[in-house]
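Structure assessment
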Amino acid sequence: MSKRNIDSSQLDLTGTVAQLKTAICVPAIRSAIAEWRNIGYEGATDITKELLYFWFESDHKFPDGLPFRYHACQREAVETLIYVWEVAKTRKRWDLYGRFRYPTAVIPPVIHDDFARYCIKMATGSGKTIVMGLAIVWQYLNAAIGKEGEREQYADTFLIIAPNVIVNERLRKDEFEGGNIFKRFSMVPKHYDLFWDLNYYMRDDKERPEKEGTLLLTNIHRLYDKQDRKKTTEPDAMTGVLGDKPSEESSGMDINEFLRKNRKPVLILNDEAHHTHDDTSKWNKVIHNLHSEIGVSMQLDFTATPRYQKGQLFPWTISDYPLKQAIIDGIVKRPMKGIAHAEEVNVKDTVKRYQVYLTAGIERWKEYKEQLAPLKRKPVLFVMMNDTNEAKEVTDWLRKKYPDEFGGDKTQEIHTDLRGENAGEVSKKDLDNARKLVREIDNPDNSINAIVSVLMLREGWDVKGVTVVVGLRPYSSKADILPEQTIGRGLRLMFRGKGYNYIERVDVIGNKKFIEFVEDLEKEEDMEFESFELGKDKLHIVVIQPDSNKSQYDIGLPILTPLMTRKKSIADEIELLDVMTLKIPESLKIKKEGSGGKEFQYEGIDVITKDKLVERSYHVEQITNPQEIIGFYTELIASELRLPSHFATLYPKVRDFFESKAFGKTVDLTDQDVINAISESIAGAICVRAFKQALSPILVNREKPEISVPSRLLSTMEPFPWSAPTYKGLKCILNLVPCDNDFERSFASFLDNARDVMEFSKLPLSFGFSVEYQDDKGNMRHYYPDFVAIDKENTNWIIETKGLEDINVVRKDEAINFWCENATELTGNEWRYIRVNQSDLANFSPNTMADLVQYLSGFPSARE
């Protein structure tokens, strides 16, 4: 065997690095999911496939018209859950570990393993509540309208358990009351609305007439026996603000009693489940009691920090989306360390000791307040102290020193009782008010500008407006708190879902001990946060907004009703399809091979030395069943066209295609040579392509649009922040032209200087102007053009600038040209479209719009 020089630093043959950084089953599951996605979700039900394609391959809009797409981490979490439960059917923890854990993993003892239990780890602010909603839709629709023999295993009763009142209130108000989350995020395809029939029960709701399904939201304490409700395992500081001790008696229905009466297996979703690892805990005992009485179909634990005290992740974690990736993906704010070249003063007086850090935090908060004012957003200062006495001193100082910014109720101290058995808790008379203030702090009319606390805030306190965190307390393992849980209080995006190309930040300032604590998080996530020098690096947020002094350059775009819609079914069209009309490059050939199988060679190659170590010859029996091959191609066609429920209609057409069309003559599909021919990869590729070409055009209805809004003006846009390039255009209604890249910036300059362009503007994503089109896979998508301009002939131009052409560019061109035709007819004003590729202008610099149009019309790829 030859020897070669190997760079060991480049090798990770067993995935050791990945294994050490995540849970024991995650690396193998990730690999399986990637392959499963590539083969069209094989093994999933038709309903599940349709949902996956609808959620993750289609574009969506919020009720206000702004676009949204589910995050990649949400897709991975949902796909993983579906795969391990529905496809791999690993519905016990021992089955999960046996199939997916890496070989050297140490598995802790499992006391209860009576039903499926999985943990989904997602960084704070990455949208795990949305994953909860998608999981509910998946289970319910399969239970309601799945095939007989399949639907019985799915749940239509869901119990969401929160750890405390504050988390319960957030889930109620923002997500699940009235099914709000399912509507806002387009979770249920419209043609399934008829079957979506759930009762939504929030804490203290009265029982209502029965529906097909039930969703219940409560906090864990409402499920404890009445005599145990006064007890708690949470620290006093935690209960003070998050309300871990709710009132013992409920004015609504008894959830335990309801579930017993309902007698349906329940799917349990634990939110903020970082403290559910102990199978013997009271929380888990409640769940096991429910299972023994009515049955639990599955338990899902959602948390950003599913760790034991020594740091290991819960072994039943199946999906892991770490904070580092969330920061890179822009799903959460980017932490910035504030560097102060000063030391705390060793004096007893709290304010004097920490004044340098407090002052720095306040000044930084003032910068945010000034910069965010045009955007109608309010920043929040969050100060963490060592004990309640220090918290009170700092609160008093803030109120007296800065009465305009932090006086009175503008500063909220979490803990007010300093003496007696309730020391460290919010006093009973202020408890409800404190919860209300903390819960509503992000409202624009809320008066709170600062929170001072010693609270060991874990997950669940969702505040989007925290822009400055000042940490003035030491942290250790005894504190029972992780770095991410502390920094996580400021990570949630202030401008989530707005479509802005803007990088949000949260500034982290503190004494040496606190910064060391933050640096532990950097080591844990294997990344280095950006930093700024306090007092030197001033904050500047670029704000894009309409300029009232340039109203003569305002442009209005007509908003039309949808130009195309996807059909609910094309079964009738498939039945009428004549396979003899399908287009194929040439007829397939039949080779006389007969039966007996095939030989193939196997070689074993050392992955490091590249030496051949093994060579074998193997015999493989031929496939003798044509139905198996035809069924496989039918599945591929249905998958490619997003028609999972059309298998039965497609199968006879695929069979007829091979029998009568593919070989240029009628053949006997039971002949072994024919079977061999249709099993070749070229036969499959030709078949799938022929059916896609024939069926793709009939997947959608071309609609005759009407005018929905005669003229939507660019001047109606709300101000928004921007982090990408800008151009100061004279003929644009906006103060700055927001550009996504340098090519757009140079094109904005061209439009601004072209003497035949009267006015122009970038069309920001947040403006919401889009046109429907069908992509190459049959999904309905929304196309958002780049620019709008009006020339001296009063022609309105929709302009697309392209760096690289993607596979759907022609489809987008067709859709926007169709829109222009209809807009011209409906408004009486001429609308035209042109696409400008970056390569088109590599050797030509036009001076006018007319020059550009004439130049581009000379190419075979003219886009007018």
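Scroll up to find the structure this text is about.
Here we summarise the structure given alongside this text. (Residues numbered from 1 in each chain as written. Predicted model: local features only at pLDDT ≥ 70, side-chain atom pairs only at ≥ 80, totals over all residues. Heavy atoms only, no water.)

From N to C terminus, the protein chain includes 26 helices and 32 strands. Burial statistics for the protein chain: of 864 residues in total, 55% are counted as buried. For the protein chain, the exposed surface amounts to about 39200 Å²; the carbon and sulfur share of it is 48%. (Helix = DSSP H or I, 4+ residues; strand = E, 2+ residues; numbered from the N terminus. Buried < 20%, exposed > 50% of the residue type's maximum accessible area, 1.4 Å probe, protein only. Areas by Shrake-Rupley, 256 points an atom, 1.4 Å probe, with all protein chains shown as cover.)

Read from one edge to the other, the open sheet built from 7 strands follows the order 12-13-11-14-15-10-16, with strand pairing classed as parallel. Where the open sheet ends on each side, the last strands, each with one partner, are strand 12 (411–413) and strand 16 (530–533). In this sheet, adjacent strand axes meet at a mean angle of 20 degrees when their direction is disregarded. Sheet topology places strand 14 (residues 466–471) next to strand 15 (residues 505–510); 4 bridges connect them, and they run parallel. For Gly471, the partnering residue across the bridge sits in strand 15 and is Gly510. Of the strands in this sheet, strand 10 (334–339), strand 11 (380–384), strand 14 and strand 15 touch helix 18 (residues 512–525), which is tilted by about 135 degrees from strand 15. (Pairing = 2+ DSSP bridges. Axes fitted to C-alpha atoms, helices over the stretch in contact; angles between N-to-C directions. Contact = heavy atoms within 4.5 Å.)

Counting across every chain of the model gives 2 cavities of 30 Å³ or more. Space inside the largest cavity adds up to approximately 60 Å³. Forming the walls of the largest cavity are Lys333, Tyr368, Leu372, Thr467, Met494, Phe495, Tyr502, Glu504, Arg505 and Ile541. When its residues are assigned to classes, the lining of the largest cavity shows 6 nonpolar, 1 polar and 3 charged. Considered as a void within the structure, the second largest cavity measures approximately 50 Å³ in volume. Around the second largest cavity, the lining residues are Arg93, His112, Asp113, Asp114, Phe115, Arg117, Asp279, Asn284, His288 and Gln299. When grouped by side-chain class, the residues that make up the lining of the second largest cavity number 1 nonpolar, 4 polar and 5 charged. (1 Å grid on protein atoms, 1.4 Å probe; cavity = no way out; pocket = protein on both sides within 12 Å on 5 of 7 lines; lining within 4 Å. Points joined across faces, edges and corners; volume = space filled by probe spheres on them. Nonpolar A, V, L, I, M, F, W, Y, C, P; charged D, E, K, R; others polar.)

A word on helix 26 (residues 849–857). Turning to helix 26, its buried residues number three or more, namely Met849, Leu852, Val853 and Leu856. The buried residues of helix 26 occupy an angular sector of 95 degrees when projected down its axis, which confines them to one face. Buried residues belonging to helix 26 abut helix 24 (742–753), strand 27 (757–762), strand 31 (796–802) and strand 32 (831–837). (Arc of directions from axis to C-beta.)

When the terminal C-alpha atoms of helix 13 (residues 350–372) are compared, their 31 Å separation across 23 residues agrees well with the 33 Å that a helix rising 1.5 Å per residue should span. Along its length, helix 13 shows its largest kink, about 55 degrees, at Val356. (Expected span 1.5 Å × (residues − 1). Bend = angle between axes of the 7 residues up to and from the residue.)

Glancing now at the pattern of salt bridges. Within the structure shown, the criterion is met by 45 salt bridges. The salt bridge partner of Lys567 is Glu573, with a shortest N-O separation of 3.1 Å. Linked by salt bridges that have partners in common, Arg37, Glu57, Arg75, Glu79 and Arg642 make up one network. (Salt bridge = Lys/Arg side-chain N within 4 Å of Asp/Glu carboxyl O.)

Among the nonpolar cores identified, the biggest contains 105 residues, and Trp55, Leu96, Tyr118, Phe182, Met187 and Trp196 are the most heavily contacted of them. Take this core: its biggest share by element is 11 residues, from helix 6 (residues 128–145). If we ignore the near neighbours within four places in the chain, the residues touching Leu96 are Cys25, Ile29, Val84, Thr90, Arg101, Tyr118, Trp316 and Ile318. With 52 residues, the next largest nonpolar core counts Leu714, Leu736, Leu763 and Tyr773 among its residues. (Core = buried A, V, L, I, M, F, W, Y, C linked by side-chain atoms within 4.5 Å.)

Another aspect to go through is the packing of helix 21 (residues 647–661) against helix 23 (residues 681–695). Between two packed helices, both the angle of their axes relative to each other and the distance between the axes serve to describe the pair. Following both chains from N to C, one finds helix 21 and helix 23 inclined at 125 degrees, their axes separated by 11 Å at the closest point. If you check the angle between helix 21 and helix 23, you find them oblique. Taken as a pair, helix 21 and helix 23 cross one another with a handedness that is right-handed. Facing Leu650, Lys653, Val654, Phe657 and Phe658 of helix 21, the residues of helix 23 in contact are Ala683, Ile686, Cys687, Ala690, Phe691 and Leu695. Of the residues assigned to the contact of helix 21 with helix 23, the class counts are 10 nonpolar, no polar and 1 charged. (Parallel < 35°, antiparallel > 145°, perpendicular 65-115°, else oblique. Left-handed = near helix turned anticlockwise from the far one by under 90°.)

Let us now look at the sheet that holds strand 5 (residues 198–201). Spatial strand order, 5-6-4-7-8-3-9: 7 strands in an open sheet with parallel pairing. Where the open sheet ends on each side, the last strands, each with one partner, are strand 5 and strand 9 (317–321). Averaged over all neighbouring strand pairs, the angle between strand axes comes to 15 degrees, with direction disregarded. Bridge count for strand 7 (residues 266–271) against strand 8 (residues 296–303) is 6 bridges, and the pairing is parallel. Looking at the pairing, Leu269 lines up with Leu300 of strand 8. Sheet strands in contact with helix 10 (residues 255–262) are strand 4 (157–162), strand 5, strand 6 (213–219) and strand 7, and its direction is about 155 degrees off that of strand 6.

Following both chains from N to C, one finds helix 20 (residues 626–640) and helix 21 inclined at 120 degrees, their axes separated by 9 Å at the closest point. Accordingly, the angle class assigned to the pair helix 20 and helix 21 is oblique. The crossing of helix 20 and helix 21 is right-handed. Together, Gln627, Ile630, Gly631, Tyr633, Thr634, Glu635, Ile637 and Ala638 of helix 20 and Phe647, Leu650, Tyr651, Val654, Arg655 and Phe658 of helix 21 make up the contact between the two elements.

A word on the pairing of strand 8. Burial within strand 8 is extensive, with 8 of its 8 residues counted as buried. Alignment of strand 3 (residues 116–122) against strand 8, held across 6 bridges, turns out to be parallel. Note that in strand 8 the partner of Tyr118 across the bridge is Leu300. Between strand 7 and its parallel partner strand 8, the chain crosses via helix 11 (residues 282–293), and the hand of that crossover is right-handed. (Right-handed = clockwise from strand over helix to strand, strands pointing away.)

For Phe532, the location among the structural elements is in strand 16. The residues touching Phe532, leaving out its near neighbours within four places in the chain, are Met336, Lys337, Gly338, Ile339, Arg364, Asp507, Ile509 and Asp537.

Bringing the environment of Arg642 into the picture now. Tracing the backbone shows Arg642 in the loop between helix 20 and helix 21. Note: C-alpha distance between Arg642 and Phe54 (588 residues apart in sequence) is 8.5 Å. Sequence-distant contacts of Arg642, defined by excluding residues within four places in its chain, comprise Tyr53, Glu57, Arg566, Lys777 and Asn779. Within the structure, Arg642 has its side chain in polar contact with the side chain of Asn779 (distance 3.4 Å). (Polar contact = N/O pair within 3.5 Å; in protein donor to acceptor, adjacent residues only side chain to side chain.)

Here we take up the packing of aromatic side chains. All told, the structure shown has 39 aromatic pairs when counted by the stated rule. On the numbers, 4.6 Å between centres and 25 degrees between planes, the contact of Phe62 with Phe68 is stacked. Overall, the relative accessible area of 8% leaves Phe68 in the buried class. A connected cluster of aromatic rings, assembled from ring pairs, spans Trp55, Phe56, Phe62, Phe68, Tyr70 and Phe185. Cation over ring: Arg642 sits above Tyr53, and NZ or CZ is 3.9 Å from the ring centre. The ring of Phe767 carries Arg712 above its face, with NZ or CZ at 4.1 Å from the centroid. (Phe/Tyr/Trp six-rings, centres within 6.5 Å; stacked < 30°, edge-to-face > 60°. Lys NZ or Arg CZ within 6 Å of the ring centre and 35° of its normal.)

Here Ser186, not a glycine, exhibits a phi torsion of approximately 50 degrees, which is positive. As for its placement among the helices and strands, Ser186 is situated in the loop between helix 8 (180–184) and strand 5. Despite not being glycine, Lys376 shows a phi value in the positive range, around 60 degrees. With respect to the secondary-structure elements, Lys376 resides in the loop between helix 13 and strand 11. Take Lys376: its relative accessible area is 59%, and that puts it in the exposed class.

In this structure, Val579 sits in the loop between helix 19 (571–576) and strand 20 (598–605). Between the C-alpha atoms of Val579 and Phe657, which are 78 residues apart in sequence, the distance is 5.6 Å. Not counting the four nearest positions on each side in its chain, Val579 is found in contact with Lys653, Asp656, Phe657, Lys661 and Phe691.

On to the state of the cysteines. Covalently bonding the sulfur atom of one cysteine to the sulfur atom of another cysteine gives a disulfide. Using the criterion set out here, one finds 0 disulfides in the structure. Free of any disulfide, Cys732 has its nearest neighbouring cysteine sulfur in Cys739, separated by 9.2 Å. (Disulfide = S-S within 2.5 Å.)

Tracing the backbone through its elements, the reader meets Asn446 in the loop between helix 16 (428–439) and strand 13 (450–453). Polar side-chain contacts of Asn446 include one of 2.9 Å to the backbone nitrogen of Ile448.

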